[in-house]
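An overview of the molecular structure
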Amino acid sequence: MKKNTFNPLAATLVITAATAVVVAYCFYFPEQAMPTIIVYVSSIIFMSIILALISWIYKRYGSSVGESEIVKITEDLNTEMMIWSDDFSYIFMNRKIRDLLGVSDDDSNKKSAVLKAFGMNSHDNGEFEKIIGNQSYEARFKNSAGSITSIAWSTSLVKKRKKHSLYLSTGFNLTEIKKMKVNLASANDFFNSSMELAEIGVIMSSDRKNFRASPEMIRMLGLKNSAITLSEFRSLVHPNDRLQFDSAVKSKDTSEVKSIEMRIKSVGGVYRWYSYRYKSIKGTDNTLPLFGGAILDITQEHEKDILIERLAYIDEVTEIANRNKLMDAGQEIYDTCHLLDYSYWIIVLDIDRFHIINDTCGYKNGNYVLKNFAHILYKFVTPGGLAARVSGDNFALILKDYGDNELPIRTVRSIQEEFAQLAVDELASINLNCSAGYSRMPDDGSSFLDVMEHAEFALKSSTGNQGVICAYEPSMHDSIIGNTELEKALGLAIENNELQLFYQPKINLATGKLMGVEALIRWIKPDGSIISPDAFVPIAERSHLISKISEFVLNEGCRQNKLWQKMGYPNIVMSINFTSADFYQSDLKEKVFDALAKSGLEPQWLEVELTESLALNDIDFAVSQMNKLRELGVKLAMDDFGTGYSSLSYLQILPITLLKLDRSFITDIEHDNIAYEIVSAVIRIAKSKKIETIAEGIENNVQESILRMAGCDYAQGFLYGKPMPPEKLQDFFDENMKK
Ligand code: C2E
Ligand code: MG
Ligand code: MG
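Residues numbered from 1 in each chain as written. Chains lettered and ligands numbered in written order. Predicted model: local features only at pLDDT ≥ 70, side-chain atom pairs only at ≥ 80, totals over all residues. Heavy atoms only, no water.

Quick look at the pairing of strand 22 (residues 635–641) now. Across the 7 residues of strand 22, 5 count as buried, placing the element largely inside the fold. The pairing of strand 21 (residues 606–611) with strand 22 spans 5 bridges and is parallel. Paired with L610 across the strands is M638, a residue of strand 22. Here strand 22 pairs with strand 23 (residues 658–661) via 3 bridges, running parallel. By the bridge assignment, F641 is partnered in strand 23 with L661. (Buried < 20%, exposed > 50% of the residue type's maximum accessible area, 1.4 Å probe, protein only. Helix = DSSP H or I, 4+ residues; strand = E, 2+ residues; numbered from the N terminus. Pairing = 2+ DSSP bridges.)

Have a look at this one:
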């Protein structure tokens, strides 16, 4: 501390010495004593005035400051303080600043110390104006330890005088804060870099109206700056995702982190998928409420998910939902029905005779039909519904039920109409149609699968005609279960060899000799009871069992006929019956060829019987299949002629070798002239086409003679023999050979 001393002793000594000099001078130069004394006294008076003045100044400043309480108090304050006059004649620095500057007590009253404290190398009036302008003045200097210190000085005027004013400067050490700032800045940089590297954008708001976006968020969305309003943010969200965005923004205060996935228009104006993890926090007395979160670009993951979903849930051929998707979504819809008291229709559809389309027109056209059928179905899907390919040519449609019971029928009719129009170009000759069964959920089953199976039961239980639409009725359940049990039993019967062929003789009307037999299947139960084919063939036709049965009939018929030949009996024709499912198989020719090869039977001793309606299902394909069989040398008979369309013009197209007049014409032919006329005309026309004829169901001799007269070639009926086991037929052979 500066000691602003005024020493009275020194002054007295000075005055005494001066008086002694004046007395000595007057003693040696008496002639100049008077003026010398006058000058001396005047000087003394002048000096006294000066001293008085100094003393006054000393009192005024020195005693009031230097010794004041303020100095004592500030000396030990834990903040930097300086009291200084702007002429630097008075300088007081407290211990804190002295220590910081590293100046000694003596040096602290020097102007240089003040300049250093204000961070100046030399006096700068401009800077001092700033200092005394009561602004916060930031000074930087090297402290006693050699490191840079920042002090914010706040200076106030203590006393203002004309020439010199006294100021009090209070310092605030910014060094630590500055360091913290640097740390904070680098932490912020670190945070931003992390977000940038992780490609995570952050957006926060305290009022849920005005948001602040992080630099990465700005970059991702291509924002102009960090400030973005709620409506601006919302306008970037994809319209379809705005509902969930709104509910997120409106979500109640919770510390739980929630997450939504939504599309947000991003840089370049394209929508990208983001996972938005957000949180809302209640404000407290000291903090504002906060809402917001982080967005993470998940477009790639989403695309992968879509791909995975495609693979798992989309049918490759038709590009609509597959069975997996149907089962998952169907069960969800079923659950919704219970929750919201809704109901939905499930319609299962089957393309009629799709195998024919596939076989005749090729897989490419088959796929074309499937794809287009799927697209037609898709057009009928209403919100919340679904169209799916269940398997092969089986499809399903889920429609919301608005209380209109006719909706499934109307919808299927419309689908049928559109579907029929697809039959152009290569498919032109094909009659495209579909059949359907439907049920309603949740009423028609205890689960989605249950309801769907019921719709399938309804479809299966339809007559088998094309274009049938059948509603599920709980009552049909019993008969379906009956059939299903029969199906199981039939499966076992095949395994246990309970199926057996019976043979019914065919007679040459001209010679009365056996010319052939028709193989007719029988199911002989272990108890010996015989089940007629009418009872189980239609059921076998609806399942895969028919192919097993037909394979057995074909092979067994060939084997038996060859056996009789080997046994020395005259060669006869073995007729076997084929169903539509057998006949339209693409490998029909190979199967027949194999059976002939295996048995060693020559093809002319095998005849395949086809019904009229079977052949007319798809006339072009039927003709090509028949030609394939004819190429093998196998005979072809048209069974039950007259029961179906009875168009004689088909005789021209179909490559048949034998026409079997249905029993219904024969039953009353002896009394029914019209029946007789028809039969005679048919026989005549057939003859002109070089097609042989056989009459079924001849039960008496009158019928036989009428048909012989009409020119019929062969006869079959109870008159000659009922269908019989092979051993019995041998007796018949023996009898016949005697004739
Ligand atoms: P279908 O091919 O028309 O067979 C002739 C049916 O008429 C046989 O009945 C035969 O017993 C019966 N029948 C023959 N002559 C007379 C007669 O004079 N009076 C009467 N009332 N009936 C006569 P079945 O054996 O019961 O066969 C019925 C139908 O079952 C057959 O009609 C055929 O469509 C089918 N079927 C029989 N066996 C097979 C088979 O192995 N495979 C296939 N796919 N169908 C078969
Ligand atoms: Mg037959
Ligand atoms: Mg018949």
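Only D639 (OD), D640 (OD), E696 (OE) and E696 (OE) from the protein coordinate the magnesium ion (ligand 3), and they sit 2.1 to 2.7 Å from it. In this structure the magnesium ion (ligand 2) is found 3.8 Å away from the magnesium ion (ligand 3), and D639 serves as a bridging donor for the pair. Exposure remark for D640: the relative accessible area of 24% places this residue in the partly exposed category. (Donors = N, O, S within 2.8 Å, 3.2 Å for Na, K, Ca; no water.)

Here the focus is the sheet that holds strand 15 (residues 434–441). Read across the sheet, 5 strands follow the order 13-14-12-15-16 without closing on themselves; strand pairing throughout is mixed. The open sheet has two edge strands, strand 13 (386–391) and strand 16 (469–471), and neither has a second partner. Averaged over neighbouring strand pairs, the angle between their axes works out to 20 degrees when direction is ignored. Where strand 15 meets strand 16, 3 bridges bridge the pair, whose relative direction is parallel. From the neighbouring strand, Y438 faces strand 16, where its bridge partner is A471. Where helix 12 (residues 323–340) meets the sheet, its contacts fall on strand 12 (344–351), strand 13, strand 14 (394–400) and strand 15, and the angle it forms with strand 13 comes to roughly 135 degrees. (Axes fitted to C-alpha atoms, helices over the stretch in contact; angles between N-to-C directions. Contact = heavy atoms within 4.5 Å.)

With that out of the way, let us pick up helix 26 (residues 701–710). All of the buried residues in helix 26 are Q703, E704, I706, L707 and A710. For helix 26, the arc enclosing every buried residue in end-on projection is 165 degrees, short of the 170-degree limit, so these residues lie on one face. Seen from the buried face of helix 26, the exposed residues on the opposite side, beyond 90 degrees, are N701 and M709. Buried residues belonging to helix 26 abut helix 24 (663–666), helix 25 (673–688) and strand 24 (692–695). At the N-terminal end of helix 26, a side-chain oxygen is found 3.2 Å from the backbone nitrogen of V702, two or three residues along, and the residue is N700. Where helix 26 terminates, the next one or two residues include G711, which has phi positive at roughly 95 degrees. (Arc of directions from axis to C-beta. Polar contact = N/O pair within 3.5 Å; in protein donor to acceptor, adjacent residues only side chain to side chain.)

With that out of the way, let us pick up the packing of helix 11 (residues 299–313) against helix 12. Relative to each other, helix 11 and helix 12 sit at 100 degrees, their axes nearing to 7 Å. Judged by the inter-axis angle, helix 11 sits roughly perpendicular to helix 12. Contact residues: E309, A312 and Y313 in helix 11; N324, K325 and D328 in helix 12. Residues of the contact of helix 11 with helix 12, tallied by class, amount to 2 nonpolar, 1 polar and 3 charged. (Parallel < 35°, antiparallel > 145°, perpendicular 65-115°, else oblique. Nonpolar A, V, L, I, M, F, W, Y, C, P; charged D, E, K, R; others polar.)

On to the coordination of the magnesium ion (ligand 2). Those donors, E518 (OE), N577 (OD1), E609 (OE) and D639 (OD), are the protein atoms that reach the magnesium ion (ligand 2), and they lie 2.0 to 2.3 Å from it. Considered as a linear motif, the donors of the magnesium ion (ligand 2) on their single chain read E-x58-N-x31-E-x29-D. With a relative accessible area of 4%, E518 lands in the buried category. N577 sits in the partly exposed class, given a relative accessible area of 25%.

Our focus in this paragraph is the sheet that holds strand 4 (residues 148–159). If you trace the 5 strands from one edge of the open sheet to the other, you get 2-1-5-4-3, paired in antiparallel fashion. On the outer flanks of this sheet lie strand 2 (91–93) and strand 3 (136–142), each paired with one strand and no other. Pairs of neighbouring strands in the sheet enclose a mean axial angle of 25 degrees, with direction left out of account. As paired strands, strand 4 and strand 5 (residues 166–173) are joined by 8 bridges and run antiparallel to one another. Paired with S154 across the strands is T170, a residue of strand 5.

In this section: the site of ligand 1. Neighbouring ligand 1 are 21 residues; Q504, E518, R522, D639 and E699 lie closest to it. A distance of 3.1 Å is found between an oxygen atom of ligand 1 and a side-chain nitrogen or oxygen belonging to D640. At 2.6 Å from a nitrogen atom of ligand 1 is found a side-chain nitrogen or oxygen belonging to E699. Protein coverage of the free-state accessible area of ligand 1, which is 780 Å², stands at 84%. Put simply, the parts of the chain that give the shell around ligand 1 at least two residues each are strand 18 (514–524), helix 17 (533–542) and strand 22. Class assignment of the residues belonging to the shell around ligand 1 gives a composition of 7 nonpolar, 5 polar and 9 charged. (Near = heavy atom within 4 Å. Areas by Shrake-Rupley, 256 points an atom, 1.4 Å probe, with all protein chains shown as cover.)

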